[in-house]
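# Tertiary structure, described
Here is how the chains run, residue by residue.
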Amino acid sequence: MLRTLVGSASVAAALVAAVPAHAQGTIKIGLIMPYSGQFADTATQMDNAIKLYVKQKGDTVAGKKIEFIRKDTGGVAPDVAKRLAQELVVRDNVDILAGFILTPNALAASDVSAEAKKFMVIMNAATSIITTKSPYSARTSVTPPQLNESFGTWAYKSGIRKIYTMVSDFGPGIDAESAFHRAFKEAGGEIVGSVRFPVANPDFSAFVQRAKDLNPEAIYIWVPGGVQPAAIGKTLAERGIDPKKTRILGQGELTEDEARKSMGDASIGIITVYHYDHNHDSALNREFVKAFNAEYGGRNPNIYAIGGYDGMHLIYEALKKTGGKTDGDALIAAAKGLRWESPRGPISIDPETRDIVQTVYIRRVDKVGGQLLNVEFDKVENVKDPVKARMKK
């Protein structure tokens, strides 16, 4: 026990004492992401956008060279993420911590950010509480409540009165479910049933059949990105649930590119809420998608890419405001209140919560020019994370 306490004290002392020993003309950014394992493609999308931003804007900011050090967590591994963050600060003398695809890893590294007073940019991890764990962190992605409270209110206004919900049984899924339930019920709607299924490799057949047997007006679904959206979409089609008769609602992952391809025409009519889609109609987004396609073999950017791209913009603009100063207090002060036009639309960093403020889009899958696309048909502007808004009260 004594050895453990002494070891912890030594790490803490090292973090507090960590002073950049690298050349004054260099700014080091430590990227912590799952570069291997089941989330490797997610990390690739984010890192590709980071590389694209640097290629477009240059690798020098405020007269200083930007250098990246990449660290692989291999997946959901909070202990590994914390150790890597400590190594980056103590051994590699990084100025900024960034990346963070997964909530448990972001929470673990937040302890290091707080103790070492290092600016930390969360480019994806979405659970609401993350930015409360370090006063030096800011987020450029989204939170499930930000999307789903807006969506719950919209669902009732669209005429739905009774709905069945199905979500993955872990942090973001539970966040999404709670947010949707809260807003839908406050608007006057009724949740006629709900189920949470396992995160790892669930067989959706029984869950979808149970929903069908209840014959609700609508079904709300939340599953993480990757293979599950296509799997549950296929199951919906196999069980004969027609979006034209039973409205299917979900967070944007449900109708991402691969999911739509897998579902085919069965995806037509599915309604989702999201903060970014490569089909978003703006000049800036068209330029972004064209550049991303050209750089990465025709692949479209997704939410992980836009989180990384805007995360780099936040870092660059904060550094410009500080004149290249990299201490945590200066950078987080510079980040608060920053606003800019992103490929996803206008965004800003809430000066009180350090979380993103953005437009939430309601989309429906339609066939356009022979292609199945998410077509935006409604939106809610200037949406803050509602959880933190209630905490402030």
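Throughout, residues of each chain are indexed from 1 in the direction in which the sequence is written. Note on the predicted model: pLDDT of at least 70 is required for a residue's local features to be given, and 80 or more for side-chain atom pairs to be given and counted; whole-chain, interface and lining totals, by contrast, use all residues. The basis for every side-chain value is the complete set of heavy atoms in the structure, and neither hydrogens nor water enter the calculation.

A separate point is the pattern of salt bridges. Any carboxyl oxygen of Asp or Glu that lies within 4 Å of a side-chain nitrogen of Lys or Arg is treated as forming a salt bridge with it. A full pass over the atoms with the stated rule returns 24 salt bridges. With a closest N to O distance of 2.9 Å, Lys-367 and Asp-265 form a salt bridge. Here Asp-265 lies in the loop between helix H9 (257–263) and strand E11 (271–274) and Lys-367 lies in strand E14 (residues 356–368), a separation of 102 residues in the sequence. A salt bridge links Asp-310 to Arg-344, with the nearest nitrogen and oxygen atoms 2.8 Å apart. Placement of Asp-310 in helix H11 (residues 303–322) and of Arg-344 in the loop between strand E12 (339–342) and strand E13 (345–349) is noted, with a sequence separation of 34 residues between them. The same class applies to Asp-310 as to Arg-344, namely buried. Each of the salt bridges in this network shares a partner with another, and the network as a whole consists of Lys-71, Arg-83, Glu-87, Arg-91 and Asp-92. Secondary structure counts use DSSP, requiring at least four H or I residues in a row for a helix and at least two E residues in a row for a strand, with both numbered from the N terminus. Relative accessibility decides the category of a residue: with a 1.4 Å probe and only protein chains considered, values under 20% of the type maximum give buried, values over 50% give exposed, and everything between is partly exposed.

Take the sheet that holds strand E6 (residues 137–139) next. With respect to topology, 6 strands assemble into an open sheet ordered E2-E3-E1-E4-E5-E6, the strand pairing being mixed. The sheet terminates laterally at strand E2 (60–61) and E6, the two strands that pair on one side only. Here 4 bridges tie strand E1 (residues 26–33) to strand E4 (residues 96–99), and the two strands are oriented parallel to one another. Pairing of Ile-32 across the sheet is with Gly-99, part of E4. We call two residues in contact whenever any of their non-hydrogen atoms come within 4.5 Å of each other. In this description, a line fitted to the C-alpha atoms serves as the axis of each element, helices being fitted only across the stretch in contact, and the angle between N-to-C directions of two axes falls anywhere from 0 to 180 degrees. Against the sheet, helix H3 (residues 78–90) contacts E1, strand E3 (64–72) and E4, and its axis sits at roughly 150° relative to E3. A strand pair is defined by DSSP finding two or more bridges across the two strands.

Think of a 1 Å grid over the protein atoms and nothing else: a 1.4 Å probe that fits but is trapped marks a cavity, an open set flanked by protein within 12 Å on at least five of seven lines marks a pocket, and residues with an atom within 4 Å of a point count as lining. Grid points are joined across faces, edges and corners, and a volume is the space filled by probe spheres set on the points. The full count for this structure, using the stated rule, is 1 cavity of 30 Å³ or more. Approximately 60 Å³ is the volume found for the largest cavity. In this structure, the largest cavity is lined by 10 residues; those nearest its centre are Asp-350, Thr-353, Lys-384, Asp-385 and Lys-388. Looking at the lining of the largest cavity, the elements that each hand over two or more residues are E14 and helix H13 (386–392). Per-element tally for the lining of the largest cavity: the top contributor is H13, with 3 residues. Residue polarity is assigned by list, with Asp, Glu, Lys and Arg as charged and Ala, Val, Leu, Ile, Met, Phe, Trp, Tyr, Cys and Pro as nonpolar; anything else, Gly included, falls into the polar class. Here the residues of the lining of the largest cavity are counted per class, giving 3 nonpolar, 1 polar and 6 charged.

Any pair of aromatic rings gets described here by the distance separating the centres and the angle formed by the planes. Paired rings are identified among Phe, Tyr and Trp, the last through its six-membered ring, by centres lying within 6.5 Å, and are further divided according to the angle between planes into stacked (under 30 degrees), edge-to-face (over 60) and tilted (the rest). Counted under the stated rule, the structure contains 16 aromatic pairs. Taken together, a centroid distance of 6.3 Å and an interplanar angle of 70° make the contact between Tyr-156 and Phe-184 edge-to-face. Placement of Tyr-156 in helix H5 (residues 144–157) and of Phe-184 in helix H6 (residues 171–187) is noted, with a sequence separation of 28 residues between them. Cation over ring: Arg-161 sits above Tyr-156, and NZ or CZ is 3.7 Å from the ring centre. A ring is scored as having a charge over it whenever the NZ atom of a lysine or the CZ atom of an arginine sits within 6 Å of its centre and within 35 degrees of its normal. A cation over an aromatic ring shows up here: Arg-364 above the ring of Phe-377, its NZ or CZ 4.2 Å from the ring centre.

Within a predicted model, pLDDT stands for the predictor's per-residue confidence, ranging from 0 to 100. Here the protein chain averages 92 in pLDDT, and 93% of its residues register 70 or above. Across residues 1–6, where pLDDT falls below 50, the model places 0 contacts with residues more than four positions away in sequence or in other chains.

Angle between the axes and distance between the axes: these two values describe a pair of packed helices. For the pair helix H2 (residues 40–57) and helix H10 (residues 283–295), the least separation of the axes is 11 Å and the interaxial angle reads 105°. With respect to their mutual orientation, H2 and H10 come out roughly perpendicular. Between H2 and H10, the contacting residues are Gln-45, Asn-48, Ala-49, Leu-52, Lys-55 and Gln-56 on the first element and Phe-288, Ala-291, Phe-292 and Glu-295 on the second. Its residues assigned to classes, the contact of H2 with H10 comprises 5 nonpolar, 3 polar and 2 charged. Angles below 35 degrees are treated as roughly parallel, those above 145 as roughly antiparallel, those between 65 and 115 as roughly perpendicular, and all remaining angles as oblique.

Of all hydrophobic cores here, the largest spans 71 residues; its most connected members are Phe-119, Met-312 and Ile-315. Only buried Ala, Val, Leu, Ile, Met, Phe, Trp, Tyr and Cys residues count toward a nonpolar core, and they belong to the same one when joined by side-chain atoms within 4.5 Å. Core analysis: the next-biggest nonpolar cluster, separate from the first, contains 22 residues, Phe-197, Ala-230, Ala-259 and Ile-270 among them.

Let's shift gears to the environment of Gln-251. Tracing the chain through its elements places Gln-251 in strand E10 (residues 247–251). Considering only alpha carbons, one finds Gln-251 and Gly-225, 26 residues apart in sequence, at a separation of 9.9 Å. In contact with Gln-251, other than residues within four places in its own chain, are Pro-144, Leu-147, Asn-148, Ala-176, Ile-221, Trp-222, Thr-272, Val-273 and Tyr-274. Between N or O atoms, a polar contact is any pair within 3.5 Å; within protein, one atom must be a potential hydrogen donor and the other a potential acceptor, and residues adjacent in sequence are included only when both atoms are from side chains. Reaching out from Gln-251, the side chain makes a polar contact with the side chain of Asn-148 at a distance of 2.8 Å.

The α-helix advances 3.6 residues per turn, and as a result positions three or four apart in sequence lie on the same side. A helix's residues, less one, multiplied by 1.5 Å, set its expected span. Between the first and last C-alpha of H6 there are 24 Å, a value that for 17 residues agrees with the 24 Å anticipated at 1.5 Å per step. For H6, every residue scored as buried is listed here: Pro-172, Gly-173, Ala-176, Glu-177, Ala-179, Phe-180, His-181, Ala-183 and Phe-184. As for H6, its buried residues are in contact with H5, strand E7 (162–168), strand E8 (190–197), strand E9 (218–222) and E10. Among the residues trailing H6, Gly-188 stands out with phi positive, at a value near 120°.

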